[in-house]
Structure formats: structure tokens, C-alpha cells
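# Structure assessment
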Amino acid sequence: MSEIIATGELIERLLRGEFICRTTFEDGWRALKSPATLDKVENYLNQINRTVAQAAEGEVFFAGYVSLGENERKVISAQFREICQSLIPLVEWLVLVQEASGQDAPLSQGAPVRLTELQTRIEDTPAFREQLAKLSQYRLFGSSASSVDGQIKLVFKRLVELGYLIKPNPEKQIFIATGKLDYLYEVIRFIDETESLSLEAQAETATQRELI
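What you see as residue numbers is a count from 1 along each chain, following the sequence as written. Per-residue local features of the predicted model are confined to residues with pLDDT of at least 70, and side-chain atom pairs are confined, for both listing and counting, to 80 or more; whole-chain, interface and lining totals are unaffected and use all residues. To get the side-chain values, all heavy atoms of the structure are used, and hydrogens and water are removed first.

## Section: the nonpolar core
What counts here: Definition of nonpolar core: a set of buried residues of the types Ala, Val, Leu, Ile, Met, Phe, Trp, Tyr and Cys, connected through side-chain atoms within 4.5 Å. The classification of residues rests on relative accessible area computed with a 1.4 Å probe and restricted to protein chains. Under 20% of the type maximum is buried, over 50% is exposed, and intermediate values are partly exposed. Strands are runs of DSSP state E lasting at least 2 residues, helices are runs of H or I lasting at least 4, and numbering of each runs from the N terminus. We call two residues contacting when some pair of their heavy atoms lies within 4.5 Å.
In terms of nonpolar packing, the biggest core is built from 41 residues, with W93, L107, I122 and F156 touching the most fellow members. Looking at this core, the elements with two or more residues in it are β1 (50-55), β2 (60-65), α4 (70-101), α5 (115-123), α6 (126-136), α7 (148-161), β5 (174-177) and α8 (179-211). With eight residues, the top contributor of residues to this core is α4. In this structure I122 touches L96, A100, F128, R129, L132, V148 and I152, once residues within four positions along its chain are discounted. In terms of nonpolar packing, the next biggest core, distinct from the first, is built from 14 residues, L38, V52, F61 and A63 among them.

Shown next as C-alpha cells:
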């Protein structure tokens, strides 16, 4: 009975657009790591033209489409546009966290962010304060606060709502990065690659025109 409920919950979460990783839903993540459970979920989703898609080398699961008709393409296009519109503020936030924390690598799934420590470093560094003030005003965050405290708390609240962070303990100002960030990195790489291909194609066309 519990297995049926667990499978049902997995399907519901996937269809809601959630990204399932070890951080957001460890039991579900472990279940999807099991070929038997993955097959059950996949078989159900296939009946409604959905599939279990994976990112970050199989560490993040989300729902994709089996085949793309006009309606599916519209949904994917809308989702892709939404992500693209969020890229600049999200990347600027990631850069700020990485620089202010003194980390060598960007934030990834499972990494903790201690808000109090981060806020202190930002308050002590004029360049970081300027970065935060700028990114907090993007439409994605929409902060009108003038203080670092107001700006950073609204930004983190919004990132929790968007699924990029979770706050396991409401009593503590510690946030954990989710697998949706790793998915975001894959989207960024995809955009870079397709833009590069587009530029290469344009350059090739221009060269051919010159030769003609």
C-alpha cells in the first residue's frame, strides 16, 4: 500500500512541475533511482504523453513530454521563455553568492547557504551591496527595500518559492540549494551551445557569400 502511495505522490509531484532531487524529496529521489519504481512511474506517465526526464547525470528528475504536438510546444516555449527571462537575475545572484562566500565553484544541489554570514559579508563590502541592490530590483525579485536586510531576505524568499532553495528549519537562516539549480546550469549550457552553433552558421553563410 505504501509503495502505491509513494508512486502516486511521485507522479503528482512530477506533474506539478517539481524537480525531485536528494535535497527536495530524498525518499522520492531514492525511489526513482530504483529501476522498478522508475518503470512504474514512466509507464503511467507515458499514457498521458509524459516521461521522466533527468538532469545532472541522473541526480535530478522532472516531467518531460514523450512527443511534441502544437500544444506541447507552446507549453515548452512558455517555460523556456520564463527561464530565459530569469537568467540574468539568477546568474547575478549565483555570482554574488559565490564571490561573497569565497567559493571556487558555483552553488549546486545540496550546498548550504548561511544567510546571516552571507549578509554580513555583503554589508561589509560596498561592491557586494551594490550588486545585491541591483539584482534585487529585477522583476523576478521586485524588491523596493533600501536595506541589505530587506533586499536579501526578499530575494531568498523568492528563490524558495521558485524551487531553487529550500529552508529545512524555519527557525534557522540556513538554506539548501536544490537540483533545480543544476537543471538551470544545463539550460545555460544549452543556450551557450545553440548560440555558438547559430553564430558559426551565420559566419559560414557570410563566408560563402563572400566566396560567391
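Next comes the rest of the write-up.
## A short note on the sheet that holds strand β4 (residues 165-166)
Note the following rule: Note: two strands are recorded as paired if DSSP finds a minimum of 2 bridges between them.
Pairing within the open sheet is antiparallel, and its three strands lie in the order β3-β5-β4. Here the strands that pair on one side only, and so sit at the sheet edges, are β3 (112-114) and β4.

## Looking at the layout of surface pockets
Under the convention used in this document: Within this scheme a cavity is a closed region of a 1 Å grid, computed over the protein atoms alone, that accommodates a 1.4 Å probe without allowing it to escape, whereas a pocket is open but has protein on both sides within 12 Å along at least five of seven lines; lining residues each have an atom within 4 Å of a point. Grid points are joined across faces, edges and corners, and a volume is the space filled by probe spheres set on the points. We call Asp, Glu, Lys and Arg charged. Ala, Val, Leu, Ile, Met, Phe, Trp, Tyr, Cys and Pro are nonpolar, and the rest, Gly among them, are polar.
One number sums up the size of the largest pocket: a volume of about 780 Å³. Along the walls of the largest pocket sit 27 residues, with F19, F62, Q79, I83 and Y183 positioned nearest its centre. Counting residues per element, the ones that place at least two in the lining of the largest pocket are α1 (2-15), β2, α4 and α8. When its residues are assigned to classes, the lining of the largest pocket shows 17 nonpolar, four polar and six charged.

## Quick look at the packing of helix α2 (residues 26-33) against helix α3 (residues 35-46)
Quick note on the threshold: In this analysis, axes come from line fits to C-alpha atoms, helices being fitted only over the stretch in contact, and the angle between any two N-to-C directions falls in the range 0 to 180 degrees. Just so you know how the angles are binned, under 35 degrees is roughly parallel, over 145 roughly antiparallel, 65 to 115 roughly perpendicular, and the rest oblique.
Where α2 meets α3, the closest approach of the two axes is 5 Å, and the angle between their N-to-C directions is 95°. For the element pair α2 / α3, the angle class is roughly perpendicular. Between α2 and α3, the residues in contact are A31, L32 and K33 and P35, T37, L38 and V41, respectively. Of the residues assigned to the contact of α2 with α3, the class counts are five nonpolar, one polar and one charged.

Coordinates in, geometry out; function isn't part of it.
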